[in-house]
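Notes for the structure review
As a plain string of letters, each chain reads:
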Amino acid sequence: MHNPQHGKLVFSYCSLMDIIRHTLRFTVHVKESLEVRGVLTGTRDSERIKVLGAMPISHTDELESPLDEEFFEKVEKYQNKNDVEIMGWYHSHPNRSPSFTQKDRLNHHAFLSRFPDTIALIIDPLMIGTGVPFTHLMRVFTLSYPEMGGKSPAMELDKIKVRAEFGGVVKSLVEMVELSKRRQPPILEFGEDSDITKTRRVKKVENGRQGEGSSNLKAIESFSSMVLKEKVQLARIKKGMDSRKGLDVTRLTKEMRTLKISQISLSEKIDHRIHRTTDVQAKIALCRIRDSLTRDMRRLEALIDEQYISTLAELTRM
Ligand SMILES: [Zn+2]
């Protein structure tokens, strides 16, 4: 298992956008800023933790209150429903520096006891756009000795890398603050009704800047239909494996490999588009498509593993 104290930490553009949109939703529209909480999902290997997504879970006016059972229930439900791996959690310190307080340590200890080797991200959203360096408004910690609980010294992970051009990220963040002030585009917490966002998002992209707006819309439509096609292909592979009747292993392996290559190439194209476009609304729509593809990529990986194991089992029987 990868210990977060060593190695690198990488954040995808989409995950950062979602964390910040969540904090802004409960910062710029309310009289008193609320604290937001969510989870970080992604992948890990021996060298790095990659945070690929962020899911808003809850908000509260009781700053630094303990992570309760309701929070963990939602996280587990989200995890099971979406087949994601939890890398850590985040919460906001609106207008307070993002330091790892005693209460944060206790909360992180509770989080670690359910999700070992994970990280805690703390962000002050009100510092965005004030010229404060990015790495100061967002900090990541874990406990040096999790077995000591809240008494453990904190360990700051200082190797945050953003999978995007740095200047571009800051520019989009500032733009996002502006959009957020106009309540556009909204972000939902896990379990909230999603009908409003869908129509609003598409409309907004349609009305986007001329030229780039319509080209973005085309890209969004074409990427989502490509992701959908690959989803159908994935379902076919899964169905073939489940029935096992007249299973042509060579053909199945070939299909899996072809789909995997195609998924990787598509994910690179979407990432490129996310980073290239200057329209934040379009970035958000593209991030949603990318998230869905990421989940399918993980599902295919699992099927490949399963297939490999069952082939091995058959070979041993022979
Ligand atoms: Zn805190």
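Residues numbered from 1 in each chain as written. Predicted model: local features only at pLDDT ≥ 70, side-chain atom pairs only at ≥ 80, totals over all residues.

Considering the overall build of the protein
Per the secondary structure count, the protein includes nine helices and eight strands. Put simply, the protein has 318 residues, and 35% of those count as buried. Restricting the contact set of the protein to residue pairs at least 6 apart, pairs at least 24 apart contribute 72%. (Helix = DSSP H or I, 4+ residues; strand = E, 2+ residues; numbered from the N terminus. Buried ≥ 20, exposed ≤ 12 C-beta atoms within 10 Å, placed from the backbone. Contact = placed C-beta atoms within 7 Å.)

Quick notes on the nonpolar core
In this structure, Ile-20, Leu-40, Ala-120, Leu-121 and Leu-286 are the most contacted members of the largest nonpolar core, which totals 54 residues. Looking at this core element by element, the count peaks at nine residues for helix 9 (residues 280-317). No fewer than three residues from each of domain 1 (8-181) and domain 2 (195-317) sit in this core. Once residues lying within four places of it in the same chain are set aside, the contact partners of Leu-121 are Leu-40, Gly-88, Tyr-90, Met-138 and Val-140. (Core = buried A, V, L, I, M, F, W, Y, C linked by C-beta atoms within 7 Å. Domains from an automatic or database assignment.)

Quick look at the packing of helix 7 (residues 212-243) against helix 8 (residues 249-276)
Contact geometry of helix 7 with helix 8 gives a least axis separation of 11 Å together with a crossing angle of 160 degrees. In terms of axis orientation, helix 7 runs roughly antiparallel to helix 8. For the pair helix 7 and helix 8, the sense of crossing is left-handed. Note on element contacts: helix 8 touches helix 7 through Leu-252, Glu-255, Met-256, Leu-259, Ser-262, Gln-263, Leu-266, Ile-270 and Arg-273, opposite Ala-219, Phe-223, Met-226, Glu-230, Gln-233, Leu-234, Ile-237 and Gly-240. (Axes fitted to C-alpha atoms, helices over the stretch in contact; angles between N-to-C directions. Parallel < 35°, antiparallel > 145°, perpendicular 65-115°, else oblique. Left-handed = near helix turned anticlockwise from the far one by under 90°.)

Here's the deal with the pairing of strand 1 (residues 8-11)
Side-chain alternation along strand 1 places Leu-9 and Phe-11 on a buried face and Lys-8 and Val-10 on a face that remains uncovered. Taken together, the four bridges between strand 1 and strand 3 (residues 48-60) define a ladder with parallel strand orientation. Residue pairing in the sheet places Val-10 in a bridge with Lys-50 of strand 3. (Pairing = 2+ DSSP bridges.)

Some remarks on the pairing of strand 3
Buried residues dominate strand 3, accounting for 10 of its 13 residues. Bridge count between strand 2 (residues 35-44) and strand 3: 10 bridges; the pairing is antiparallel. Along strand 3, the bridge assignment pairs Gly-38 with Pro-56. As consecutive antiparallel partners, strand 2 and strand 3 are separated by three residues.

Examining unusual backbone geometry
Phi is mostly negative for residues that are not glycine, and the peptide bonds are mostly trans. Residues other than glycine seldom take positive phi values, yet Asn-95 does so here, at roughly 65 degrees. For Asn-95, a count of 12 C-beta atoms within 10 Å puts it in the exposed group. Positive phi outside glycine occurs at Asp-117, with the angle close to 60 degrees. Summarising the element assignment, Asp-117 is placed in the loop between helix 3 (102-114) and strand 5 (119-123).

Comments concerning the confidence of the model for the protein
Per-residue pLDDT for the protein averages 82, and the proportion of residues at 70 or more is 81%. The least confident element of the protein is helix 6 (residues 195-206), whose mean pLDDT is 48; the most confident is strand 4 (residues 86-92), at 97. Below pLDDT 50 for its whole length, residues 199-209 participates in 23 contacts with residues either more than four positions away or in separate chains. (pLDDT = per-residue confidence, 0-100.)

Quick notes on the environment of Leu-217
Mapped onto the secondary structure, Leu-217 falls in helix 7. Leu-217 gets classed as partly exposed once you count the C-beta atoms within 10 Å, which come to 18.

Re helix 1 (residues 13-25)
Helix length check: helix 1 (13 residues) gives 18 Å between terminal C-alpha atoms against 18 Å at 1.5 Å per residue, within 8%. In terms of burial, helix 1 is largely enclosed, as 13 of its 13 residues are buried. (Expected span 1.5 Å × (residues − 1).)

Brief notes about helix 2 (residues 69-82)
Taking 1.5 Å per residue, 14 residues should reach 20 Å; helix 2 reaches 20 Å between its end C-alpha atoms and fits that length. Count one or two residues on from helix 2 and you reach Asp-83, which has phi positive near 55 degrees.

Quick notes on the environment of Gln-307
In this structure, Gln-307 sits in helix 9. With 18 C-beta atoms packed within 10 Å, Gln-307 lands in the partly exposed category. Measuring from C-alpha to C-alpha, the distance between Gln-307 and Leu-252 comes to 9.0 Å, with 55 residues separating the pair along the chain. Once residues lying within four places of it in the same chain are set aside, the contact partners of Gln-307 are Met-241, Leu-252 and Met-256.

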